[in-house]
Amino acid sequence: MRKSTSPRRVLTVLAAGVLALALTPAPAPAADADYYDAARGLTGERLKDALHGIISTGATPITYERVWDALKVTDEDPANRANVILFYSGFSRSKALNGGNDGQWNREHVWPKSRGPFDTDPGPGTDLHHLRPEDKTVNGDRGHLDFDVSDRPYARAPGNRFDDDSWEPRNAVKGDVARMLFYMAVRYEDRERDLEVSETVPSNRPSRLGRLSVLKVWHDRDPVDASERRRNEIIFERYQHNRNPFIDHPEWVDSIF
């Protein structure tokens, strides 16, 4: 005679299944099978050098003008396809309201141009992996501040904080910020410029942005989500034809930084 399964056992089995699903890594993107071949088994500086070669080779810089249209795709509001999601505030705003006037959104350089330095010629100043839509005033107030734990709430974008030398984004995008800066530090490491994530805040040296230890905490506490993966895929497939390796392989952060 077949024994009946108690409700408690059913719940236990279901809970175990949910836990197993939660602990199972997200499947790697299809491109991952070949894209990162040259980095397999490497660590430290050797891994960083290999990733620099991978994400630089075949990359196609876009113009600053084309960034407008690209952001309308990469940062589209899934609940309203006529809008984009503003990066720091999380507000949804019409795609048509892009520009340089109050109430419009513009192109936020998460790694500030002045901290390269770089301009808006095709290259780091137009790299979609660190460009996001943001309200013109919020963008200006963030300016070129380092990222760190900050003292004062920022009223225009609830959840963000700031002080004299740093900016702290809302919790939902802290990991995104970290992974964008780690990407920039690997992608733009050459004779022309050598971007580095620094522990010193304020980072007064050219090509430095901080704070490294805080960014690593944010990376751990705000893991990669579906919107980041989608964005990475769109940039790879439709625009620049390169990827952010720290979205595909979050474990490489500890190996390099």
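Being a predicted model, the structure only gives us computed values, none of them experimental.

Draft legend 1. Representation of the overall build of the protein in the model. From N to C terminus, the protein includes 10 helices and 11 strands. Within the protein, contacts between residues at least 6 apart in sequence are counted, and of these 62% link residues at least 24 apart. Element-wise, carbon and sulfur atoms account for 53% of the exposed surface of the protein, whose accessible area totals about 12,900 Å².

Draft legend 2. Highlighting the sheet that holds strand E3 (residues 92–94). Read from one edge to the other, the open sheet built from 3 strands follows the order E1-E2-E3, with strand pairing classed as antiparallel. Strands at the two margins of the open sheet, each flanked by one partner only, are strand E1 (76–77) and E3. Bridging between strand E2 (residues 80–85) and E3 involves 3 bridges; their strand directions are antiparallel. Looking at the pairing, Val-84 lines up with Arg-93 of E3.

Draft legend 3. Structural context of the layout of surface pockets. Volume-wise, the largest pocket comes out at about 360 Å³. Lining the largest pocket are 18 residues, with Asp-75, Glu-76, Ile-85, Arg-132 and Ser-227 positioned closest to its centre. Only E1 and helix H8 (226–239) provide two or more residues apiece to the lining of the largest pocket. Among the elements that make up the lining of the largest pocket, the one with the highest residue count is H8 (4 residues). Among the residues making up the lining of the largest pocket, the classes are represented as 6 nonpolar, 2 polar and 10 charged.

Draft legend 4. Representation of the packing of helix H6 (residues 174–187) against helix H7 (residues 212–221) in the model. Running from N to C, H6 and H7 cross one another at 125 degrees; their axes reach a closest spacing of 7 Å. By the angle between their axes, H6 is oblique relative to H7. As H6 runs across H7, the sense of the crossing is left-handed. In this structure, H6 uses Lys-174, Gly-175, Val-177, Ala-178, Arg-179, Leu-181 and Phe-182 to contact H7, whose residues at the interface are Leu-212, Leu-215, Lys-216, Trp-218 and His-219.

Draft legend 5. Focus on the pairing of strand E4 (residues 105–109). When you tally the buried positions in E4, you get 5 out of 5 residues, the bulk of the element. Pairing analysis gives 5 bridges linking E4 to strand E5 (residues 131–135), with the strands arranged antiparallel. Residue pairing in the sheet places Glu-108 in a bridge with Arg-132 of E5.

Draft legend 6. Expanded view of the packing of aromatic side chains. By the definition in use, this model includes 11 aromatic pairs. An angle of 85 degrees between the planes, with centres 5.8 Å apart, marks the rings of Tyr-154 and Phe-162 as edge-to-face. On the basis of relative accessibility, which here comes to 8%, the residue Tyr-154 falls in the buried class. Owing to a relative accessible area of 23%, Phe-162 belongs among the partly exposed residues under this scheme. For Arg-107, the ring lying beneath its charged end belongs to Tyr-64, and the centroid distance is 3.6 Å.

Draft legend 7. Expanded view of the environment of Leu-209. Here Leu-209 lies in strand E11 (residues 208–210). In this structure the C-alpha to C-alpha distance between Leu-209 and Trp-111, which are 98 residues apart in sequence, comes to 7.6 Å.

Draft legend 8. Broad picture of the sheet that holds strand E9 (residues 166–168). Spatially, E6-E9-E8-E7 is the arrangement adopted by the 4 strands of the open sheet, whose pairing is mixed. The two strands at the open ends of the sheet, each matched to only one other strand, are strand E6 (146–147) and strand E7 (152–153). Here 2 bridges tie strand E8 (residues 161–162) to E9, and the two strands are oriented antiparallel to one another. Paired with Phe-162 across the two strands is Trp-167, which belongs to E9.

About the thresholds
- Residues numbered from 1 in each chain as written.
- Predicted model: local features only at pLDDT ≥ 70, side-chain atom pairs only at ≥ 80, totals over all residues.
- Heavy atoms only, no water.
- Helix = DSSP H or I, 4+ residues; strand = E, 2+ residues; numbered from the N terminus.
- Contact = heavy atoms within 4.5 Å.
- Areas by Shrake-Rupley, 256 points an atom, 1.4 Å probe, with all protein chains shown as cover.
- Pairing = 2+ DSSP bridges.
- 1 Å grid on protein atoms, 1.4 Å probe; cavity = no way out; pocket = protein on both sides within 12 Å on 5 of 7 lines; lining within 4 Å.
- Points joined across faces, edges and corners; volume = space filled by probe spheres on them.
- Nonpolar A, V, L, I, M, F, W, Y, C, P; charged D, E, K, R; others polar.
- Axes fitted to C-alpha atoms, helices over the stretch in contact; angles between N-to-C directions.
- Parallel < 35°, antiparallel > 145°, perpendicular 65-115°, else oblique.
- Left-handed = near helix turned anticlockwise from the far one by under 90°.
- Buried < 20%, exposed > 50% of the residue type's maximum accessible area, 1.4 Å probe, protein only.
- Phe/Tyr/Trp six-rings, centres within 6.5 Å; stacked < 30°, edge-to-face > 60°.
- Lys NZ or Arg CZ within 6 Å of the ring centre and 35° of its normal.

Such coordinate-based values are descriptive only and should not be taken to indicate function.
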